[in-house]
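Observations on chain architecture
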Amino acid sequence: MRRRFDDTDSAISALRDGTTRIIAGALPFDHSNRCALIEPSAVSRNSPLPGRTPATRGTLRIRSSEPTPDEHARRVGKAVAMIRSGELEKVVLARRLVLESTVPIDPIDVLDRLVRRDHASNGYLVDLSTSHTAGPVLVGSSPEVLIRRSGRTVSCFPLAGSAPRSSDPLKDRAHARMLRGSGKDLREHAFVVDSVRAALAELCVNLQIPAGPDVIATPQMWHLGTAISGELRDPELTALDLARQMHPTPAVCGTPRTAAQGAIADIEGDRGLYAGAVGWCDAAGDGEWMVTIRCAEISADGRTLVAFAGGGIVADSDPTQELAETTAKFGTILDALDARGLERRRA
Ligand SMILES: C=C(O[C@@H]1C=C(C(=O)O)C=C[C@H]1O)C(=O)O
């Protein structure tokens, strides 16, 4: 690592004035919080993770669920009431699981398992050391492209609308079919596409937006997703500028944005880096930023892991189903720890 940036302005200036060739790391959910961006000392593209012997696993236990599953369902009910009263149209509510391990968790081992299980997803591991603290990391594997820039071409792949995968192939296909036909999920998805359309219409020409979403799969979830692309009007806008403008979309925040941000701050408090953006940008302005979901923070001593999962709430959301959706989304991290049973038993 050659340099650390706590805010996007100084990273963008360093890329513009040529003192930095490339930056990588994570942007927070709330723009006013600290970023975790660095200029790496070396960059290696398209190389697979080196083969490694699996790390020794200790015993994991859930120390707490914040909020409790019942309280999360109550919060969903409260959000539905706010939506029905017209205060807002959609809001994304999240919860966290705090796990304790008897032996230090090896973050590279977790990344390795995430990537091996899902080659299509973007595995990430971000060093969260500051000048005062060393060692905590953010690890995850995100299926959602916030924004990608390659020359003038810009693309993104917003997701919203979810159903769990099933180990029974018939049930699994039925879940995908139900998701494709679910009015609630299609409406939830439309909020995101409408907002991305409005943001990109200002920034792009030749905007390509399919009429309806596709159903895409991760190992744990089905999602509605729409592949969107366009050509940038202003080639000076870097991938980092674009990420800053696009974030947070209603996939992780809500509609209208300010009302949803207020509701999330009141109900959940600070999200830190969860539901922010994670990626890279080079001095030519090219780069890729994924939405920071399906992730966990691992403490510096490796013994505590905090996993995050949320879901979009609209007028006809059901609290029990929304709770189950977050449980299914925790599966990405829990499967990589061979710990899926923990949360199933609990929730
Ligand atoms: C907020 C999360 O996921 C987001 C919410 C989704 C939904 O509400 O259906 C689907 C994909 C993501 O955009 C998460 O995984 O924590």
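Residues numbered from 1 in each chain as written. Predicted model: local features only at pLDDT ≥ 70, side-chain atom pairs only at ≥ 80, totals over all residues.

Quick word on the overall build of the chain
Helix and strand counts for the chain come out as nine helices and 19 strands. For 347 residues, the compact-globule estimate of 2.2 N^0.38 gives 20 Å, and the C-alpha radius of gyration of the chain, at 19 Å, lies within 12% of that figure. Overall size of the chain, expressed as C-alpha extent along the three principal axes, is 50 × 50 × 40 Å. Scored against the burial criterion, the 347 residues of the chain give a buried share of 47%. Restricting the contact set of the chain to residue pairs at least 6 apart, pairs at least 24 apart contribute 73%. (Helix = DSSP H or I, 4+ residues; strand = E, 2+ residues; numbered from the N terminus. Rg over C-alpha atoms; globule rule 2.2 N^0.38 Å. Buried ≥ 20, exposed ≤ 12 C-beta atoms within 10 Å, placed from the backbone. Contact = placed C-beta atoms within 7 Å.)

Some remarks on the packing of helix α1 (residues 8-16) against helix α6 (residues 239-246)
Contact pair α1 / α6: the axes reach a minimum separation of 10 Å and the direction vectors enclose 155°. Here α1 lies roughly antiparallel to α6, going by the angle between them. Taken as a pair, α1 and α6 cross one another with a handedness that is left-handed. Judged by residue contacts, T8, A11 and I12 of α1 engage L240, D241 and R244 from α6. (Axes fitted to C-alpha atoms, helices over the stretch in contact; angles between N-to-C directions. Parallel < 35°, antiparallel > 145°, perpendicular 65-115°, else oblique. Left-handed = near helix turned anticlockwise from the far one by under 90°.)

Points about helix α3 (residues 107-117)
P107, V110, D112 and L114 are the residues of α3 that are buried. Of the surrounding secondary structure, the elements contacted by the buried residues of α3 are β6 (122-127), β7 (137-142), β18 (295-298) and α8 (319-336).

A look at the nonpolar core
V91, L146, I147, A243, A296 and A307 are the most contacted members of the largest nonpolar core, which totals 90 residues. Among residues more than four places away in sequence, those in contact with I147 are V154, C156, A239, L242, A243, M246 and W289. (Core = buried A, V, L, I, M, F, W, Y, C linked by C-beta atoms within 7 Å.)

Details of the sheet that holds strand β13 (residues 221-225)
Spatially, three strands are ordered β10-β13-β12 in an open sheet, and the strand pairing comes out antiparallel. What marks the edges here is a single partner per strand, and that holds for β10 (159-164) and β12 (214-217). Sheet twist, expressed as the average angle between the axes of neighbouring strands with direction ignored, equals 30°. Pairing of β10 with β13, which is carried by four bridges, proceeds in the antiparallel orientation. Within β13, the residue paired with S162 across the bridge is H223. (Pairing = 2+ DSSP bridges.)

Structural notes on the site of the ligand
Neighbouring the ligand are 19 residues; S162, A251, I293, G310 and G312 lie closest to it. Taken together, the elements giving at least two residues each to the shell around the ligand come down to β5 (90-101), β10 and β19 (304-313). Split by residue class, the shell around the ligand holds 10 nonpolar, six polar and three charged. (Near = placed C-beta within 6 Å. Nonpolar A, V, L, I, M, F, W, Y, C, P; charged D, E, K, R; others polar.)

Considering unusual backbone geometry
Cis geometry is found at the peptide bond from E66 to P67, where omega equals -5°. Relative to the helices and strands, P67 is located in the loop between β4 (60-66) and α2 (69-84). For the peptide bond that leads from H247 to P248, omega is -5°, which places it in the cis range. Checked against the element boundaries, P248 lands in the loop between α6 and β15 (254-255). Positioned with a positive phi, A275 is a non-glycine residue whose angle comes to about 65°. Within the secondary structure, A275 sits in the loop between α7 (257-267) and β16 (277-282). On the neighbour-count criterion, A275 (24 C-beta atoms within 10 Å) is buried.

So, the environment of V91
In this fold, V91 is placed in strand β5. C-alpha separation for the pair V91 and A239, spaced 148 residues apart in sequence, amounts to 26 Å. Sequence-distant contacts of V91, defined by excluding residues within four places in its chain, comprise A79, G254, A260, A263, I264 and I313.

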